[in-house]
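Inside the fold
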Amino acid sequence: MKITYSIIAPIYNEIDNLPELYRRVKEVMDSSGEPWELILVDDGSTDGSTDGIRALAEKDKTVRPVIFARNFGHQVAITAGWDYARGDAVVIIDADLQDPPEVILKLAKKWKEGYEVVYAVRGEREGETWFKKFTAAMFYRIIYSITDVKIPVDTGDFRLMDRKVVNVLKQMKERHRFPRGMSAWVGFKQIGVTYKRAARVAGVTKYPFKKMLRLALNAITGFSYFPLQVATYFGFISAGMSILAIPVVAILRLAGSHFFEGQTTTLVSVLFLGGVQLISLGILGEYIGRLYDEAKGRPLYIVRDAPEDQ
Ligand code: UDP
Ligand code: MG
């Protein structure tokens, strides 16, 4: 059967959200009057979500379960969704219902107008701490300013993509993934639709600060060389300063000044440069580590159980 919409929901310990997610997606998608499927990617849940997903799939064949062998992370779960999706339009949605399924119809409307990537922009956010909102706002703006691809701000992974786009994304095998950057990078006709991001229906966020930081690193290293270039800028600045400083010190000394005597100035500049060099080494290490991961060429994810027709 030909499928129009594939809805992908990555699931990591969302047992309490599962029934409501299924109910609302079904209601909305049935009202579209077109064939759809719901791909539930279980990202190594330990709270019984796995059995919950299997039970849903038993009952309703529109639900297609992809069960990971362990937790591979949200971005990888989305990727698996792309691999198994069969629809002409592919939608990524959070399982905690922060992205209201009703918005899918609005995204679909733009798709029917001919847009190939329709991303949902978070206008308002409910039920989140100021810390989360602040770090998220910073995250989007820093990424926007230093990456080479213009990744829309205040936009998460909630989006609809045309089959053409998904086919291109499936060829992008990078390990440290940033799906929203990848879907901006490919081009095509893109447009944003603003929505109100709801509070989580149940459970807690699976994105502690550490994971957000890792995601930010993926975004920056995946889409820019900026951190590598920073070392070069610093090199030029400190070399420039010393070229200016040498004649100044020499002249002051010849004029009998004692201003630059003692070890403090030497110590401070050695420590400063040492610090800059170590940071630069760290940045290099970060990129080399990522290169090493790519070189190993391990599979991106391992499924324990998945639908046969991919
Ligand atoms: N998620 C996942 N794997 C993870 C962490 C999260 O599949 O390792 C899923 C999670 O179940 C949810 C979505 O990714 O459906 C977004 O996560 P969450 O709601 O915790 O993030 P937040 O909305 O707080 O940024
Ligand atoms: Mg959430």
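Check the entry above for the structure.
Here the structure is a predicted model, which means the values were calculated and not measured.

Scoring rules and cut-offs
- Residues numbered from 1 in each chain as written.
- Chains lettered and ligands numbered in written order.
- Predicted model: local features only at pLDDT ≥ 70, side-chain atom pairs only at ≥ 80, totals over all residues.
- Heavy atoms only, no water.
- Donors = N, O, S within 2.8 Å, 3.2 Å for Na, K, Ca; no water.
- Buried < 20%, exposed > 50% of the residue type's maximum accessible area, 1.4 Å probe, protein only.
- Salt bridge = Lys/Arg side-chain N within 4 Å of Asp/Glu carboxyl O.
- Helix = DSSP H or I, 4+ residues; strand = E, 2+ residues; numbered from the N terminus.
- Phe/Tyr/Trp six-rings, centres within 6.5 Å; stacked < 30°, edge-to-face > 60°.
- Lys NZ or Arg CZ within 6 Å of the ring centre and 35° of its normal.
- Near = heavy atom within 4 Å.
- Polar contact = N/O pair within 3.5 Å; in protein donor to acceptor, adjacent residues only side chain to side chain.
- Areas by Shrake-Rupley, 256 points an atom, 1.4 Å probe, with all protein chains shown as cover.
- Nonpolar A, V, L, I, M, F, W, Y, C, P; charged D, E, K, R; others polar.
- Core = buried A, V, L, I, M, F, W, Y, C linked by side-chain atoms within 4.5 Å.
- Contact = heavy atoms within 4.5 Å.
- Pairing = 2+ DSSP bridges.
- Axes fitted to C-alpha atoms, helices over the stretch in contact; angles between N-to-C directions.
- Parallel < 35°, antiparallel > 145°, perpendicular 65-115°, else oblique.
- Right-handed = clockwise from strand over helix to strand, strands pointing away.

Considering the coordination of the magnesium ion (ligand 2)
Here the magnesium ion (ligand 2) is held by the protein donor atoms Asp96 (OD) and Gln98 (OE1), which lie 1.9 to 2.0 Å from it. Neither residue differs from the other here; Asp96 and Gln98 are each classed as buried.

Points about the pattern of salt bridges
Counted according to the given criterion, the structure contains 20 salt bridges. In this structure, the salt-bridge partner of Glu37 is Arg64, at a minimum N-O distance of 3.1 Å. Here Glu37 is found in strand β2 (residues 36-42), whereas its partner Arg64 is found in strand β3 (residues 63-68), with 27 residues between them in sequence. Across the pair, exposure class does not vary: Glu37 and Arg64 are buried alike.

Description of the packing of aromatic side chains
Counted according to the given criterion, the structure contains nine aromatic pairs. Look at Phe158 and Tyr195: their rings are 5.3 Å apart centre to centre, the planes differ by 80 degrees, and that puts the pair in the edge-to-face class. With Phe158 in strand β6 (residues 155-162) and Tyr195 in strand β7 (residues 190-197), this residue pair connects regions lying 37 residues apart in the sequence. Here Phe158 and Tyr195 have matching classes, each one buried. Members of the aromatic cluster, each reached through a chain of ring pairs, are Phe139, Tyr140, Phe178 and Phe223. A cation sits over an aromatic face here: Arg70 above Phe72, 3.9 Å from the ring centre. Residue placement shows Lys189 over the ring face of Tyr115; its charged tip is 4.8 Å from the ring centre.

Concerning the site of ligand 1
Taken together, 19 residues surround ligand 1, and among them Asp43, Asp96, Gln98, Thr205 and Lys206 come closest. Taking His74, its main chain carries an N or O atom lying 3.4 Å from a nitrogen atom of ligand 1. Lys211 has a polar side-chain atom sitting 3.0 Å from an oxygen atom of ligand 1. Considering ligand 1 on its own, with 530 Å² of exposed area, one finds that the protein chains cover 95% of that surface. Taken together, the residues that form the shell around ligand 1 break down as five nonpolar, five polar and nine charged.

Considering the nonpolar core
Counting 41 residues, the largest nonpolar core has Val41, Phe68, Trp82, Met161, Leu169, Phe178 and Tyr301 as the members making the most contacts within it. Broken down by element, this core gets its largest block of residues, six residues, from helix α3 (residues 74-84). Leave out the neighbours within four places in its chain, and Met161 touches Trp82, Asp88, Ala89, Val90, Ile92, Glu116, Val117, Val166, Leu169 and Ser183. Of all hydrophobic cores here, the second largest spans 35 residues; its members include Ala9, Met29, Leu56 and Val91.

Side note on the sheet that holds strand β4 (residues 89-92)
Strand order in the open sheet made by the eight strands is β7-β5-β6-β4-β1-β2-β3-β8, with mixed pairing throughout. Both edges of this open sheet fall to β7 and β8 (303-305), since each of them pairs with a single strand only. On average, adjacent strands in this sheet sit at an angle of 25 degrees to one another, irrespective of strand direction. In the packing of helix α6 (residues 163-170) onto the sheet, contacts are made with β4, β5 (117-125) and β6, and the angle to β6 comes to roughly 115 degrees.

So, the packing of helix α8 (residues 209-223) against helix α10 (residues 264-296)
Packing of α8 against α10 brings their axes to within 11 Å, and their N-to-C directions diverge by 85 degrees. One element, α8, and the other, α10, form an angle in the roughly perpendicular class. Contacts between α8 and α10 involve Leu217, Asn218, Ile220 and Thr221 on the former and, on the latter, Glu286, Tyr287 and Arg290. The class makeup of the residues in the contact of α8 with α10 is three nonpolar, two polar and two charged.

Considerations on the pairing of β2
Taken across its seven residues, β2 has seven buried, putting it largely inside the fold. Pairing of strand β1 (residues 5-11) with β2, which is carried by seven bridges, proceeds in the parallel orientation. Among the inter-strand pairings, Tyr5 is bridged to a residue of β2, identified as Trp36. Remark: the β1/helix α1 (residues 18-32)/β2 crossover connection has right-handed handedness. In this structure, β2 lies alongside β3, joined through five bridges in parallel fashion.

Some details on unusual backbone geometry
At Leu97, a residue that is not glycine, the phi angle is positive and equals roughly 65 degrees. In this fold, Leu97 is placed in the loop between β4 and α4 (103-112). The phi torsion at Asp154 lies on the positive side, around 50 degrees, for a residue other than glycine. With respect to the helices and strands, Asp154 occurs in the loop between α5 (130-146) and β6.

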